[in-house]
Structure formats: structure tokens, C-alpha cells
Amino acid sequence: MTAKGGATPSPGGAGAAAGNGRFFTVGLVTAWYSSNIGVLLLNKYLLSNYGFKYPIFLTMCHMSACALLSYAAIAWLRIVPMQLVRSRVQLAKIAALSLVFCGSVVSGNVSLRYLPVSFNQAVGATTPFFTAVFAYIMTVKRESWITYLTLVPVVTGVIIASGGEPSFHLFGFIMCIGATAARALKTVLQGILLSSEGEKLNSMNLLLYMAPIAVIFLLPATIFMEDNVVGVTIQLAKKDFKIVWLLLFNSCLAYFVNLTNFLVTKHTSALTLQVLGNAKGAVAVVVSIMIFRNPVSITGMLGYTLTVIGVILYSESKKRSSKP
């Protein structure tokens with residue numbers, strides 16, 4: 001007992017709470033990895049192996065699921081408080097972000113039709129390079145010379161990996177570069193457009209508004225660019241109903257990528273998130289090679305390794321330069 005008569009906390013109870021917290025964090029990270037890698041591999045399977053050659057329609061399915069599940073999670077389950085859009089200007093800014101987001105996801109899905117997941121991830125690892133370029137162009141934000149120097153192995157690694165990739169496809173490579181650049185552009189634009197305190201949205205609320213706008217953008221695109229996609233999908237379902245379950249599961253998984261990313265960001269430190277993020281791409285590469293058995297070369301793997309090292313050095317440099 002304490003001097004005031006209150007019971008002192010039990011060391012065993014504190015230990016159990018810490019153990020439960022670690023178990024919860026491990027569960028979250030596992031779910032984050034599984035959803036991220038799962039949706040990537042399913043996209044590849046559907047667009048390349050299964051022969052469902054409609055990346056815009058697939059992206060629209062993803063965005064539809066994100067719109068519905070985001071509303072359910074926020075309005076009904078109250079995972080996070082709902083943040084309202086306060087003006088038409090703010091809505092226009094969100095629409096601009098949604099358009100760039102659409103371009104990134106569609107381009108990434110198109111690239112998976114032509115490139116193995118391992119090479120797709122190698123190119124995707126160059127996101128910091130494009131982020132630094134767009135930040136410099138659009139905000140005139142200069143980093144230290146060491147930070148820029150760390151981007152050399154990032155780009156060099158992809159050049160080496162491209163030269164050593166047995167399944168290299170130029171159009172797929174261009175689409176993958178476009179997806180990576182658009183992803184970086186969205187990050188920079190988000191920092192510019194939604195910078196004021198009254199307009200900032202957490203990632204879950206931002207997805208709530210971006211996803212339905214994305215569907216509006218993607219619907220005419222899939223109608224005009226992917227001829228009779230609904231009819232083809234219905235015919236596929238009549239022959240093999242599995243396609244319906246694959247599309248539903250894949251679309252729900254796309255939402256859980258965003259949900260688990262938000263939760264992992266909330267429940268771990270910035271350093272932990274950085275390390276986990278760098279490792280996630282490498283895990284995706286290994287798993288995809290094991291599943292799809294795509295040929296890899298020593299040169300390609302060395303190039304990818306160099307890129308990952310560059311990304312780690314870049315992240316470390318950014319962390320040190322941000323310290324006061």
C-alpha cells in the first residue's frame with residue numbers, strides 16, 4: 001500500500017500490458033505486410049497470369065471498395081473521427097490529389113502486366129529520388145548535399161537492375177517509372193495543398209474523400225479505354241466464378257493496405273516505420289520470386305540491393321538533417 005492508501009501497480013500487470021502491446025504491434029505489422037504484399041501479388045496474378053487485362057477497371061474496383069469501407073470504418077465503426085471538407089477550394093485540392101493518385105495506381109497496375117513484381121519493386125524503391133526532385137521544383141526546398149549524394153546509389157541501382165533484368169519490357173518500365181513519379185508527386189502536392197491547419201486531413205479521412213472522386217475519374221476512362229470490360233467480366237464469371245471472389249477479395253485487400261498503414265504509423269515510432277518500410281519491398285521481392293518463379297539475374301539483384309542501400313542512407317540523412 002502507498003502512504004495514501006492506494007495499491008501500488010503490480011509489476012506482473014505492467015509486464016502483461018507491455019507483452020500485450022508488443023503482441024498487438026506484431027499483429028499490426030504482420031497485417032500490414034500481408035495486405036501490402038498480398039494485393040501486389042494478386043494484382044500481378046490477375047493482370048498477368050490469369051489474363052484479366054483491365055488495369056483501369058481493377059483500379060476502379062479498388063477505389064470503390066476503399067470508398068465504401070472508408071465510410072463504414074469512419075461513420076459507423078468510428079475508427080477515427082470524421083473530418084469534414086470545409087470549402088469548395090479544399091474539395092478541389094482533394095480532387096487534384098485524387099487524379100494524381102489514380103494515375104499512380106493505374107500506371108502501377110499496367111506495369112504489372114509486363115514486369116515481374118521483383119523488378120516493379122526495384123523501380124518503386126526510387127520514390128525518394130522523385131520526391132526530392134518534385135520538392136525542389138515545386139517548393140524550392142533544398143536538402144543537404146549529403147542527402148542528394150545518397151540518391152546516386154538509388155538511381156544507379158535501378159539502372160544496373162534494368163540492364164540485368166531478364167524480363168525487361170520498355171513499356172512496362174515506363175509505366176512503372178510513371179507510377180513511382182506520380183506517387184512522389186502526390187506526397188509533395190499533399191504537403192503543399194493541404195498545409196494549413198484547417199485543411200489537414202489524416203490519411204483515413206483523405207482516402208474517404210479521394211476514393212469516390214477517383215471512381216468518378218476512372219469510370220469514363222474504363223468505359224472508353226477498356227472495351228466491353230463489364231461484359232467480358234460477366235462472361236469470365238460464367239466460365240469461372242472464382243474471378244468474382246478474386247476481384248472482391250483483391251478490392252477489400254486494397255482498402256486494408258491503407259487501414260493497416262494508418263494503424264502501423266499510429267502505433268509505432270518513425271524509426272520503426274522507416275525500417276519496416278525498407279524491409280517490406282525486399283520481402284515482397286523474395287515472396288514474388290518464390291510464387292511466380294520469374295527468372296532473376298545476379299546483376300539485377302545487385303542493382304536492387306544497391307537501390308535499397310541508397311534508400312536507407314537517404315532516410316538516415318533526412319532524419320539527421322531534420323534534427324535541430
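Residues numbered from 1 in each chain as written. Predicted model: local features only at pLDDT ≥ 70, side-chain atom pairs only at ≥ 80, totals over all residues. Heavy atoms only, no water.

Visitor: Kindly report on the overall build of the protein chain, identifying the contributing residues and their values.
Guide: Per the secondary structure count, the protein chain includes twelve helices and zero strands. Listed by position from the N terminus, the elements making up the protein chain come as α-α-α-α-α-α-α-α-α-α-α-α. In terms of C-alpha radius of gyration, the protein chain reaches 22 Å, essentially the compact-globule figure of 20 Å for 324 residues. Of all 324 residues assigned to the protein chain, the portion counted as buried reaches 47%. (Helix = DSSP H or I, 4+ residues; strand = E, 2+ residues; numbered from the N terminus. Rg over C-alpha atoms; globule rule 2.2 N^0.38 Å. Buried < 20%, exposed > 50% of the residue type's maximum accessible area, 1.4 Å probe, protein only.)

Visitor: I'd like a rundown of the layout of surface pockets, residues and numbers included.
Guide: When its volume is computed, the second largest pocket comes out at roughly 220 Å³. Lining the second largest pocket are 15 residues, with Cys-61, Val-244, Leu-247, Leu-248 and Ser-251 positioned closest to its centre. When residues of the lining of the second largest pocket are traced back to their parent elements, those giving at least two are α2 (55–76), α9 (229–239) and α10 (242–267). Looking at the lining of the second largest pocket, the element that brings in the most residues is α2, giving six residues. Among the residues forming the lining of the second largest pocket, the class breakdown is twelve nonpolar, three polar and no charged. (1 Å grid on protein atoms, 1.4 Å probe; cavity = no way out; pocket = protein on both sides within 12 Å on 5 of 7 lines; lining within 4 Å. Points joined across faces, edges and corners; volume = space filled by probe spheres on them. Nonpolar A, V, L, I, M, F, W, Y, C, P; charged D, E, K, R; others polar.)

Visitor: Explain empty space enclosed by the protein to me, using residue names and the numbers behind them.
Guide: The final tally for this structure, using the stated rule, is one cavity of 30 Å³ or more. Taken as a whole, the largest cavity encloses approximately 80 Å³ of empty space. Residue lining of the largest cavity: Ser-118, Phe-119, Ala-122, Ala-161, Glu-165, Pro-166, Pro-295, Val-296, Ser-297, Gly-300, Met-301 and Tyr-304, and that is the complete set. For the lining of the largest cavity, the per-class residue count stands at eight nonpolar, three polar and one charged.

Visitor: Tell me about helix α7 (residues 170–193), and please be specific about residues and values.
Guide: Counted at 1.5 Å a residue, the expected span for α7 with its 24 residues is 34 Å, and the 34 Å between its end C-alpha atoms agrees. Looking at α7, one finds that the buried residues are Gly-172, Phe-173, Cys-176, Ala-179, Thr-180, Ala-181, Ala-182, Ala-184, Lys-186, Val-188 and Leu-189. Summarising the contacts, the buried residues of α7 are in contact with α3 (88–114), α4 (117–124), α5 (127–139), α6 (145–163) and α8 (203–225). (Expected span 1.5 Å × (residues − 1). Contact = heavy atoms within 4.5 Å.)

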